[in-house]
Amino acid sequence: NKEGEIMARQTFSTHGFEYTFEDNSGEILAAFQNALERGMESIGQKAVNYAVKSLRDQKAWDTGNLASHVSYLVDGEEVYVGVQGVEYAPYVELGTGKYVAGGSPPWVYQDDEGNWHWTAGNPARPFIVPAAKDHTQEYRDILEDSLENA
């Protein structure tokens with residue numbers, strides 16, 4: 001072997017027996033990493049499904065735009081679930097107007113067609129936080145299963 005290279009296989013003899021030891025730690029580490037990534041991807045997909053189902057169940061659905069922008073990102077050992085590109089997503093998740101702590105009084109606004117509307121706001125219809133927090137045991141099980149079947 002070359003200088004500085006770690007031997008992956010080592011053989012020695014003693015008392016008339018020959019023993020060979022092979023270092024498979026690289027393969028084991030790669031299998032573990034792949035299983036971890038598969039598990040995290042599965043958790044992300046499952047969380048998105050829960051968020052979309054929550055939007056439907058709460059009737060926070062008109063065009064489907066919000067639901068179609070719910071996504072996840074796996075970053076190492078973290079899974080992030082959120083919405084990109086939909087400016088009103090926080091208002092659905094957290095509520096608006098009088099329904100928010102320190103919220104505002106009722107107001108009037110004009111829509112794109114020129115119609116006027118009065119509103120006191122909308123209550124929160126959380127879909128991201130419950131998708132993340134209400135299923136932690138299931139997510140642990142998914143990850144555990146993925147690692148056990150690596």
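Data block above holds the structure.
Every residue gets a number counted from 1 within its own chain, in the order that chain's sequence is written. Residues qualify for local features only when their pLDDT is at least 70, as the model is predicted, and side-chain atom pairs are given and counted only at 80 or more; totals for whole chains, interfaces and linings, by contrast, use all residues. Computation of side-chain values covers all heavy atoms of the structure but excludes hydrogens and water.

### Some remarks on the side chain of His-135
Going along the chain from the N terminus, every DSSP run of H or I of four or more residues is numbered as a helix, and every run of E of two or more is numbered as a strand. Looking at the secondary structure, you find His-135 in the loop between helix H4 (128–133) and helix H5 (136–148). For His-135, the residues in contact, after removing those within four places along its chain, are Tyr-50 and Pro-130. Contacts are assigned to residue pairs that have any heavy atoms within 4.5 Å of one another.

### A few points about the nonpolar core
In this description, a nonpolar core means a group of buried Ala, Val, Leu, Ile, Met, Phe, Trp, Tyr and Cys residues linked to one another through side-chain atoms lying within 4.5 Å. Throughout this description, buried means an accessible area under 20% of the type-specific maximum (1.4 Å probe, protein chains only), exposed means over 50%, and partly exposed covers the range between. Ala-51, Leu-55, Leu-66, Val-70, Val-92 and Phe-127 are the most contacted members of the largest nonpolar core, which has 14 residues in total. Those elements that place two or more of their residues in this core are helix H1 (25–57), helix H2 (65–68), helix H3 (89–94) and H4. If you tally residues by element for this core, the top one is H1, at 4 residues. Ignoring anything within four residues of it in the chain, the contact list for Phe-127 reads Ala-51, Ser-54, Leu-55, Gln-58, Leu-66, Val-70, Val-83, Ala-89, Val-92 and Glu-93. Listed in part, the 6 residues of the second largest apolar core include Leu-36, Met-40, Ala-47 and Ile-142.

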